[in-house]
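# Chains, contacts and geometry: an overview
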Amino acid sequence: MPSFEHSPSNIPSMGLCSICAQTIKNESANAECSLCSGLFGNLETLSCMAIGKAEGYEWSTFSIGCIIPKKILVAQEALWLERGLENSRSIKNAINGAAREYILSKTAKKYSSRASDVLFLLDFERNSVSAQISPIFVFSHYKKYARDISQSIWHCKKCAGNGRLGGRGDEKICICEKCNGKGVMYESVEGIIGAPIRRAFEGEETAFHASGREDIDAVMRGSGRPFAIEVKNPRKRKADMHALQKEINRDVRIRVPSLSTVSQHFVKVVCSSHFEKEYEAEVSLEREIAKSDFKKILSLSGKTIWQQTPTRVLHRRADLQRKRKIISISAKGKGKKLTLRIRAQAGTYIKELVSSDSGRTKPSISGILGCKAIVEKLDVVKIHDEFLRRVSKK
Ligand SMILES: [Zn+2]
Ligand SMILES: [Zn+2]
């Protein structure tokens, strides 16, 4: 128990600035500050500098972060201990409060601790500031009708996406032959959809987020695949979404329905969701199909299959065995041609379900028919993301 002599009210007042005084009970503000040595007197200057950093960017809400020299935090804690103060206001809290009030008084903006347009970072250690502009996320579903468009941008390795080579020292600059100066190996959904969105929001760059991916040579039909484009450092926070949709859809290989902006949290839900998918596969067989074969194929409905990582992706994925469920399967065809309609658990490798990939997928169409079977054309016809559509409507 603290003795009478050490109780807080008996300690002489020590001279603290208006911010530090808030963290020590019963202290009144003083020009001289024995805790921060006047460092927090910079608060208004730093706040003004921070607002200046956001010039040229649209923002209507802000949040604040601060960096405080460790020795001040240590000195404050020592003072708390010495005076037996508990649950006092922290320095960070006092600074954030003062900066918030100051910025509110200087601008007509709103404070929002979460999901703000800009985060002002006041660094009292280095006497510097930054304004971190929050990204914009544009959400929709894409359909893809071409078999030579990758999902994300695939930079050319030879020129690192520059489209040019050389230029160092005496080296002559020349067009990269590998990518024909384009900097990318394939056109991509990310490029076709992302470029107009980046321009509309006047952002620096984009990132592509989607719920899974289809092979480059697979068509994406039905109601499309859910995705979001992240626009980094956008100067604008609003755009004519209808005009944007029209602009994207000018490319006949891609279709997007209406676009909307969503939260980062929603994008996390999009990317972490595992939806069942339906496929249509055109398959060619080594021999003619027999009537009894259809029954064998249908027997895979509701079955669990085992898939070892396909040999075609082994160079970039770990060699693992996965258990996947075939929800339903139906087949039609004649001669050596077969059309399959398959509904399967997320992450099922359909080409390997058909070919068996030298026995790495079991059971498989090839295995149960006892002959070679190869997917010639693969379409994703439906992604069962009803859950996402319900959430996005809210
Ligand atoms: Zn102070
Ligand atoms: Zn290149």
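For the structure given in this document, a descriptive report is provided here. (Residues numbered from 1 in each chain as written. Chains lettered and ligands numbered in written order. Predicted model: local features only at pLDDT ≥ 70, side-chain atom pairs only at ≥ 80, totals over all residues.)

In terms of regular secondary structure, the protein chain is built from eleven helices and 19 strands. Against the globule reference of 21 Å for 394 residues, the protein chain gives a C-alpha radius of gyration of 30 Å, more extended than a compact globule. A principal-axis box enclosing the C-alpha atoms of the protein chain has dimensions of 100 × 60 × 45 Å. When the 394 residues of the protein chain are sorted by exposure, 30% land in the buried category. The long-range fraction of contacts in the protein chain, counting pairs at least 24 apart against all pairs at least 6 apart in sequence, stands at 68%. (Helix = DSSP H or I, 4+ residues; strand = E, 2+ residues; numbered from the N terminus. Rg over C-alpha atoms; globule rule 2.2 N^0.38 Å. Buried ≥ 20, exposed ≤ 12 C-beta atoms within 10 Å, placed from the backbone. Contact = placed C-beta atoms within 7 Å.)

Here the focus is the environment of S105. Within the fold, S105 resides in helix α4 (residues 91-106). For S105, a count of 9 C-beta atoms within 10 Å puts it in the exposed group. Placed 156 residues apart in sequence, S105 and T261 show a C-alpha to C-alpha distance of 29 Å.

Alternating positions in strand β17 (residues 337-344) separate cleanly, L338, L340, I342 and A344 being buried on one face and K337, T339, R341 and R343 remaining unburied on the opposite face. For strand β16 (residues 321-334) and β17, the ladder comprises eight bridges, and the chain directions are antiparallel. When the bridges of β17 are listed, S330 appears paired with R341. Linking β16 to β17, which pair antiparallel, is a turn of two residues; within it G335 sits at a positive phi near 60°. (Pairing = 2+ DSSP bridges.)

Pairs of packed helices are described in terms of their axes, by the angle between the two and the distance that separates them. Direction vectors running N to C along helix α2 (residues 43-53) and α4 enclose 55°, while the axes themselves pass 10 Å from each other. Between α2 and α4, the interaxial angle falls into the category oblique. For the pair α2 and α4, the crossing hand works out as right-handed. In this structure, α2 contributes L43, E44, S47 and I51 to the contact, and α4 contributes I95, A98, A99, Y102, I103 and K106. Looking at the contact of α2 with α4 residue by residue, the classes come out as seven nonpolar, one polar and two charged. (Axes fitted to C-alpha atoms, helices over the stretch in contact; angles between N-to-C directions. Parallel < 35°, antiparallel > 145°, perpendicular 65-115°, else oblique. Left-handed = near helix turned anticlockwise from the far one by under 90°. Nonpolar A, V, L, I, M, F, W, Y, C, P; charged D, E, K, R; others polar.)

Here we come to the pairing of strand β15 (residues 304-308). Burial along β15 is one-sided: the residues I305 and Q307 are buried and none of T304, W306 and Q308 is. In this structure, β15 lies alongside β16, joined through five bridges in antiparallel fashion. Within β16, the residue paired with Q308 across the bridge is Q321. Bridge analysis of β15 against strand β18 (residues 361-362) gives two bridges, and the strand direction is antiparallel. Within β18, the residue paired with Q307 across the bridge is T361.

The linkage connecting K362 with the following residue, P363, adopts the cis geometry, with an omega of -15°. If you trace the backbone, P363 turns up in the loop between β18 and α10 (365-369).

Right, let's talk about the sheet that holds strand β4 (residues 128-133) for a bit. One key point about sheets: their strands pair by backbone hydrogen bonds, in either a parallel or an antiparallel sense. Ordered in space as β2-β1-β3-β4, the four strands form an open sheet in which the pairing is mixed. Taken across any chain shown, the strands that pair with only one partner, and hence form the sheet edges, are β2 (110-111) and β4. When strand β1 (residues 61-67) meets β2, the two strands line up parallel, connected through two bridges. Following the sheet pairing, T61 is matched in β2 by K110. Docked against the sheet, α2 engages β3 (118-123) and β4, running at close to 35° with respect to β4. In the packing of α4 onto the sheet, the strands contacted are β1, β2 and β3, and the crossing angle to β1 comes to about 140°.

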